[in-house]
Structure formats: structure tokens, C-alpha cells
Amino acid sequence: MNTKLWVVDKDVENKNSYPQIEEAAVLLRQKEVIAFPTETVYGLGADATSDEAVAKIFEAKGRPNDNPLIVHIAKLEQLNHLVSAVSPVAQQLIKHFWPGPLTLVLPKKDGVSEKVTAGLETVAVRMPDHPVALALIAQANVSVAAPSANRSGRPSPTLASHVYEDLNGKIAGIVDGGATGVGVESTVLDCTSDIPTILRPGGVTKEQLEEVIGQVMIDPGLENETEKPKSPGMKYTHYAPKAPLTVVEGTRSYIQQLAKEKQAEGLKVGVLTTEENHSFYQADAVLSCGKRSEPATVAAKLYEALRAFDAAGVDVIYSESFPKEGIGIAIMNRLIKAAGHQIIVE
Ligand code: TXA
Ligand code: MG
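Calculation criteria
- Position numbers for residues count from 1 along each chain, tracking the sequence in the order it is written.
- Lettering of chains starts at A and numbering of ligands starts at 1, both following the order in which they are written.
- A pLDDT threshold of at least 70 governs which residues receive local features in this predicted model, and a stricter bar of 80 or more applies before side-chain atom pairs are shown or counted, although totals over entire chains, interfaces and linings include all residues.
- Note: side-chain values were computed over all heavy atoms of the structure, leaving out hydrogens and water.
- Here a helix means four or more residues in a row that DSSP labels H or I, a strand means two or more in a row labelled E, and each is numbered from the N terminus.
- Our radius of gyration looks at C-alpha atoms and nothing else; its globule reference is 2.2 Å times the residue count to the power 0.38.
- Pairs of residues are marked as contacts when any of their non-hydrogen atoms sit within 4.5 Å.
- Here, Shrake-Rupley sampling with a 1.4 Å probe gives the accessible areas, and only protein chains in the shown set may cover a residue.
- Only four residue types enter the charge count: Lys and Arg as positive, Asp and Glu as negative, with His and the chain ends excluded.
- Lys charges are placed at NZ, Arg charges at CZ, Asp charges at CG and Glu charges at CD.
- For every domain, the bounds stem from an assignment made automatically or drawn from a database.
- Summed over both partners, the accessible area lost on bringing two parts together, with a 1.4 Å probe, is the buried area.
- Salt-bridge detection follows one rule: a side-chain nitrogen of Lys or Arg within 4 Å of a carboxyl oxygen of Asp or Glu.
- Under this grouping Gly is polar, as are all residues other than the nonpolar Ala, Val, Leu, Ile, Met, Phe, Trp, Tyr, Cys and Pro and the charged Asp, Glu, Lys and Arg.
- What makes a patch is a set of residues exposed beyond 30% relative accessible area and free of salt bridges, joined within 9 Å when like-charged and within 5 Å when nonpolar (Val, Leu, Ile, Met, Phe, Trp, Tyr).
- DSSP calls a pair of strands paired once it identifies at least 2 bridges connecting them.
- The classification of residues rests on relative accessible area computed with a 1.4 Å probe and restricted to protein chains. Under 20% of the type maximum is buried, over 50% is exposed, and intermediate values are partly exposed.
- Grid spacing is 1 Å over the protein atoms alone, the probe is 1.4 Å, and a cavity is where that probe fits but cannot get out, while a pocket is an open set with protein on both sides within 12 Å along at least five of seven lines and lining residues have an atom within 4 Å of a point.
- Grid points are joined across faces, edges and corners, and a volume is the space filled by probe spheres set on the points.

## Overview of the overall build of the chain
Link 1 in the chain: Scanning the chain from terminus to terminus reveals 11 helices and 16 strands.
Link 2 in the chain: Relative to the globule expectation of 20 Å for 346 residues, the C-alpha radius of gyration of the chain, 20 Å, shows essentially globular dimensions.
Link 3 in the chain: The C-alpha extent of the chain, read off along each of the three principal axes, is 60 × 45 × 35 Å.
Link 4 in the chain: Intrachain contacts of the chain at a sequence separation of at least 6 include 67% that bridge at least 24 residues.
Link 5 in the chain: Total accessible area on the chain stands at roughly 14600 Å², and carbon and sulfur atoms take up 49% of it.
Link 6 in the chain: Here the chain contributes 34 positively and 43 negatively charged side chains, and the mean placements of these two sets differ by 3 Å.

## As for the domain arrangement of the chain
Link 1 in the chain: Taken domain by domain, the chain comprises domain 1 (4-223) and domain 2 (245-345).
Link 2 in the chain: Averaged C-alpha coordinates put domain 1 and domain 2 at centres separated by 28 Å.
Link 3 in the chain: The partner domain 2 presents 15 residues to the 23 residues of domain 1 that form the contact.
Link 4 in the chain: Here domain 1 and domain 2 share an interface that buries about 1500 Å² over both sides, 57% of which is from carbon and sulfur atoms.
Link 5 in the chain: A per-residue breakdown of the area domain 1 buries against domain 2 is headed by Pro155, Val184 and Pro201, which together make up 33% of the total.
Link 6 in the chain: Applying the counting criterion to the domain 1 and domain 2 interface returns four salt bridges.
Link 7 in the chain: For the salt bridge of Arg154 with Asp310, the shortest nitrogen-to-oxygen distance reads 2.8 Å.
Link 8 in the chain: For the side of domain 1 that touches domain 2, the element with the most residues is helix α6 (residues 160-167), which contributes three residues.
Link 9 in the chain: Along the lines of polarity and charge, the residues of the side of domain 1 that touches domain 2 split into seven nonpolar, 10 polar and six charged.

## As for a negative patch on the surface
Link 1 in the chain: Side chains of Asp51, Asp110, Glu114 and Glu121 sit close together on the surface and give a patch of like negative charge.
Link 2 in the chain: With respect to the helices and strands, Asp110 occurs in the loop between β5 (102-107) and α4 (114-117).

## Some details on the sheet that holds strand β8 (residues 173-176)
Two orientations exist for strands paired in a sheet by backbone hydrogen bonds: parallel and antiparallel.
Link 1 in the chain: Taken in spatial order, the 11 strands line up as β1-β8-β2-β3-β7-β4-β6-β5-β9-β10-β11 in an open sheet, and their pairing is mixed. Of all strands in the sheet, those bounded by a partner on one side alone are β1 (4-7) and β11 (217-218).
Link 2 in the chain: In terms of strand pairing, strand β3 (residues 43-47) meets strand β7 (residues 144-145) through two bridges, oriented antiparallel. Note that in β7 the partner of Ala46 across the bridge is Ala145.

## Some words on the pairing of strand β6 (residues 122-126)
Regular strands have side chains that alternate between both faces of the sheet.
Link 1 in the chain: With four of five residues buried, β6 is to be regarded as a mostly interior element.
Link 2 in the chain: As paired elements, strand β4 (residues 70-72) and β6 share three bridges and run parallel to each other. Along β6, the bridge assignment pairs His72 with Arg126.
Link 3 in the chain: Pairing analysis gives four bridges linking β5 to β6, with the strands arranged antiparallel. Counterpart to Pro107 in the pairing with β6 is Thr122.

## Considering empty space enclosed by the protein
Link 1 in the chain: Per the counting criterion, the structure on display carries one cavity of 30 Å³ or more.
Link 2 in the chain: Considering only enclosed or pocket space, the largest cavity measures out at about 70 Å³ in volume.
Link 3 in the chain: Around the largest cavity, the lining residues are Thr187, Ile198, Pro201, Gly202, Val204, Thr205, Lys206, Glu207, Ile218, Gly326, Ile329 and Ala330.
Link 4 in the chain: Contributing elements (two or more residues each) for the lining of the largest cavity: α7 (206-213) and α11 (328-338).
Link 5 in the chain: Across the lining of the largest cavity, the residue classes tally to six nonpolar, four polar and two charged.
Link 6 in the chain: Counting the residues that make up the lining of the largest cavity, at least three belong to each of domain 1 (4-223) and domain 2 (245-345).

## Side note on helix α2 (residues 51-61)
Link 1 in the chain: For α2, every residue scored as buried is listed here: Ala53, Val54, Ile57, Phe58, Ala60 and Lys61.
Link 2 in the chain: Those residues of α2 that are buried lie in contact with β3, α4, β7 and α6.

This is how it looks when you write it as C-alpha cells:
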């Protein structure tokens, strides 16, 4: 398949017509799969009302069928076609955080494709805070099911070039709107439990949610691997660079020592660090993902750095760890998954 590429800029809001987005929207309506930027990561979109279109997402990604998709909407009225009830708490959250990186799991309406929900009684919905995403969904005039636009298991794409790397030839098109922004995916919040529960930490933090609705829980399956996570996607290996990654809870000197030991065995070693610590390390590839003092910059650069280790051709990677607070919870969640749970504590 020939994958079309459209380059667009973010001032789409101020234009009456945008031929590239119109072309992409027509293909979406024709049940093709299109990658597009959101404020978190690039999404791989298809008409959520069409089994045929949604099946193409799973095919292109190589995604297991029991992992449900998030449905993206551009206008609130689209929610009525998807969910059977919006609790007062969910309404408050929508008012506060949409458009934005918060996905709400709500009771689904009959008729929502089983391919989207993987047979669950709930559906995950969000309104992305990105002018290109909103324009595309509005133009297509359908709700758009969209997982992250990476091959299953790979780091999520924060640039159109990452999508191209993974999916060129497998999808109808890529709308290139530049770098995404937040860098980690949306927070997935189950609003069907008595106390709303975070199934996947992401762009909106637990603290931010609690300021608006009071107590929020974190799915015990996230912390404790023996429990079955409620968000089916959290059980798969994810975000992984090609070389094995180990997260180190320890000092810079300890990480440097681990790197030296591997080099002595003849291996090429990568270190994932931050701008503050970059000059401290000697290894074959020392890559920094943002500033430790500004965790949002780490979230924004994390996946790009993980992908860059592939290009560097290292054999093993050690990563610094981050405080598990605010957006740091999402950063550590992704890092630990990328590491397949390999953690060394000094
Ligand atoms: O930021 C994001 O959320 C990005 C952009 C493209 O919007 N999308 C994304 O989709 O990360 P995906 O498919 O990579 O992750 C969706 C997550 C998975 O962990 C999935 O299991 C969970 O949401 N999920 C979807 N529907 C669910 C449901 N009904 N109940 C529980 N978890 C659900
Ligand atoms: Mg994903």
C-alpha cells in the first residue's frame, strides 16, 4: 500500500479549508486507516463505527485483539452515540479536562463496535487537545478509534517520522503536524467504579484529578504485577527499544560502573539520562530525555530517546529513574514497561 504523507501546521483552526485534512478525512470515511497527531502521541485512526475499518488498525499495528481502543471525539454531542450514561463525576471531569489528555472509561451504548471495546461493557473516550486531530475528526464527521500509531510493542510515536518508521506501506496516510507535546499517552480513568480508578497513568496527574473530584484510586494491578490489570493494554510488553533496557534506582556513579562492566564484556552500552547529568557519563551512547528539574520535558522526550538507542545500535541500555510523583508516575510506568520490569536497586 502507498502511504500518503500530508504536512500541516497547527493554525488549521484559523483556516476555512485545509485540502490535506479534507483528503485525509475522505479516506477515513472510506474506512481507511490514517495516522494523525494528538497532544500526547500520534494516533492511528479509523472510523469507530465500522468493524471493517477498525480491523485494519489491529492488522497494521499487529495488536492483540483483546486490547480495546480509545475512541476520539471532536464535539461533546458525539459522546451520546457512544456511552449510555455520564455520571456527575464524569461530567465534572469533562468540563475540566477536555479537550485534553484524559480518557474516560464509561458504560458503552449498544451498537458500539465490539472490535473497539474488545467485548467489554465499557468504552474509553477522549477529546484530544490538538487542532489537527480536532479538525480531522470534525471533518470526517465520525468518532475515530485510535491507539498509538506504533507497531505493537514499540515506543509510541511523538514525531511523524516515528510513525513512518513503523507503518510505512501498511496504512493509507500520515498527517504530519510536527512534534506532539505531552509525549506520554493520556491518563485512562475508569469512571464506572465507586471511586474513579486510574488504569493507566498519563498526561493528567492523579493530583490534578483529585483537585477536581476528590479521591482517586490507582488500579492495584499497576503496582502489583500479580493482579490482573483492568486496562487490558497494560499487560503487554510495550515501548521497548531493540536492546534490553534496565532501570536503575541508584546514583550516577553506580550507573557508570554498570556501564563500564558491560563495556568490559565487549558490549556497546547506552545510558538514558537527563540534561543535568549528561556530561557525567562515558558510554557508547549517552542520550538525554529532557531536564530532570522539569519532568514534563522528560515525558515529552522519553519515547524519542528510546527510539534513538535503536539507531545508535547499542547492545544494552541503563536508565536513570525518576521520582514517582506528578507526571513522574507515568514516566516510570512507561520506563519500567519498556524495561520488561528489569530494575536494579543499588
Ligand atoms: O494518548 C492516548 O491515549 C493515545 C492517543 C493516540 O490518543 N492513544 C493510546 O491508545 O494510547 P492505546 O490503544 O495505545 O492505549 C489505550 C489504552 C490501553 O491500555 C487499553 O487497554 C485501554 O486504553 N482501554 C481502552 N478501552 C478500555 C476499556 N473499555 N476499559 C479499560 N481500558 C481500556
Ligand atoms: Mg499504545
